[in-house]
Amino acid sequence: MNESPRERRPGNPVRILLAEDQGMMRGALALLLGMEGDFEVVAQLSSGDGIVDAVLAHRPDVALLDIELPGANGLDAAAELRTRAPDCRVLILTTFGRPGYLRRAMDAGAAGFLVKDGPVEELAVAIRRVLRGETVVDPALAAAALSAGPNPLTAREREVLKASVDGATVADIAGRLHLSESTVRNYLSAAIGKTGTRNRAEAVREARQQGWL
């Protein structure tokens, strides 16, 4: 069920926050969106850590968030905004059209999910649609997500896989997550089995490719 859109006064511009780590892409998006007569980009961020504070300070109607940002990622920020700024509609805009990302975005309360290779006119239409309370999802990605099925990894298995990304040892992971080494091995073994891979490096790669991490 869609959330009710924020009440806006007729004639007021649509206030937009943009979080994108690539400076050229961020500048181009801000410029193109600013050319729409009823849009105003009120904040631009290059990392995820300041998204929530910026939304609370600038009160945008829509937050356009990339997923893979330095610091907190866009999906984590979307989940926090659902609680702390429920009037702000979140639209995920990413290079990586992965089915698992879409499912996680919807679970985080995002109102839309688009890939960056679409025309800017499509983005402008999507912004207006989410403000009307609609959910907007790239059709090809929606079909892929349905075919892929749900994320098979538990929250703890994802956490352990993430902790192993930098080549950390089992002992390192256990200390970082306050788990026993045998428990870490069990979670890694389960994740390897569920991803159909041979080792944890392959499991991490497969989970990332599917958008499960």
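Anyway, here's the lowdown on the structure attached to this text. (Residues numbered from 1 in each chain as written. Predicted model: local features only at pLDDT ≥ 70, side-chain atom pairs only at ≥ 80, totals over all residues. Heavy atoms only, no water.)

## With respect to the nonpolar core
Across soluble globular proteins, nonpolar side chains have a tendency to be buried as a group.
Line of reasoning, step 1. Residues Leu17, Ile51, Leu65, Leu81, Ile92 and Phe113 are the most contacted members of the largest nonpolar core, which totals 27 residues.
Line of reasoning, step 2. When contributions to this core are tallied by element, the ones reaching two or more residues are β1 (14–19), β2 (39–45), α2 (51–58), β3 (62–65), α3 (74–84), β4 (89–94) and α4 (99–107).
Line of reasoning, step 3. The contacts of Ile92, once residues within four sequence positions are left out, are Leu65, Ile67, Gly74, Leu75, Ala105, Ala110, Gly112, Phe113 and Leu114.
Line of reasoning, step 4. Counting residues in hydrophobic clusters, the runner-up holds 20 residues, among them Ala111, Leu123, Val130 and Leu131. (Core = buried A, V, L, I, M, F, W, Y, C linked by side-chain atoms within 4.5 Å. Buried < 20%, exposed > 50% of the residue type's maximum accessible area, 1.4 Å probe, protein only. Helix = DSSP H or I, 4+ residues; strand = E, 2+ residues; numbered from the N terminus. Contact = heavy atoms within 4.5 Å.)

## Points about the environment of Met106
Line of reasoning, step 1. Within the secondary structure, Met106 is located in helix α4.
Line of reasoning, step 2. Classification of Met106 by relative accessible area gives partly exposed; the value is 29%.
Line of reasoning, step 3. Separated by 31 residues in sequence, Met106 and Leu75 place their C-alpha atoms 9.2 Å apart.
Line of reasoning, step 4. Once residues within four sequence positions are removed from consideration, Met106 is found in contact with Gly112, Phe113, Thr135 and Val137.

## Quick notes on α3
Line of reasoning, step 1. Restricting attention to buried positions, one finds in α3 the residues Gly74, Leu75, Ala77, Ala78 and Leu81. In an axial view of α3, the angular spread of the buried residues amounts to 155°, which keeps them on one side of the axis.
Line of reasoning, step 2. Where α3 is buried, its residues touch α2, β3, β4 and α4.
Line of reasoning, step 3. For α3, the capping residue at the N-terminal end is Asn73, with a side-chain oxygen 2.9 Å from the backbone nitrogen of Leu75. (Arc of directions from axis to C-beta. Polar contact = N/O pair within 3.5 Å; in protein donor to acceptor, adjacent residues only side chain to side chain.)

## Here we look at the pattern of salt bridges
Line of reasoning, step 1. Overall, the coordinates contain 11 salt bridges when judged by the stated rule.
Line of reasoning, step 2. The salt bridge involving Arg128 is made with Glu36; its shortest N-O contact spans 3.0 Å. Of this pair, Arg128 sits in helix α5 (residues 120–131) while Glu36 sits in the loop between α1 (23–34) and β2, and the two are 92 residues apart along the sequence.
Line of reasoning, step 3. By relative accessible area, Glu36 is classed as partly exposed at 25%.
Line of reasoning, step 4. Put simply, Arg198 and Glu202 hold a salt bridge, and the shortest N to O gap is 2.5 Å.
Line of reasoning, step 5. Since its relative accessible area comes to 15%, Glu202 is described here as buried.
Line of reasoning, step 6. Taken together, the salt bridges that share partners define one network made up of Glu20, Asp66 and Lys116. (Salt bridge = Lys/Arg side-chain N within 4 Å of Asp/Glu carboxyl O.)

## Focus on α1
Line of reasoning, step 1. Look at α1: 16 Å from first C-alpha to last across 12 residues, which is about the 16 Å you get at 1.5 Å a residue.
Line of reasoning, step 2. Inspection of α1 places Arg26, Leu29, Ala30 and Leu33 among the buried residues, and these make up the whole buried set. Around the axis of α1, the buried residues are gathered within 100° of arc, so they sit on the same side. In α1, the exposed residues that point more than 90 degrees away from the buried face are Met24 and Leu31.
Line of reasoning, step 3. Here the buried face of α1 lies against β1, β2, β3, β4 and α5. (Expected span 1.5 Å × (residues − 1).)

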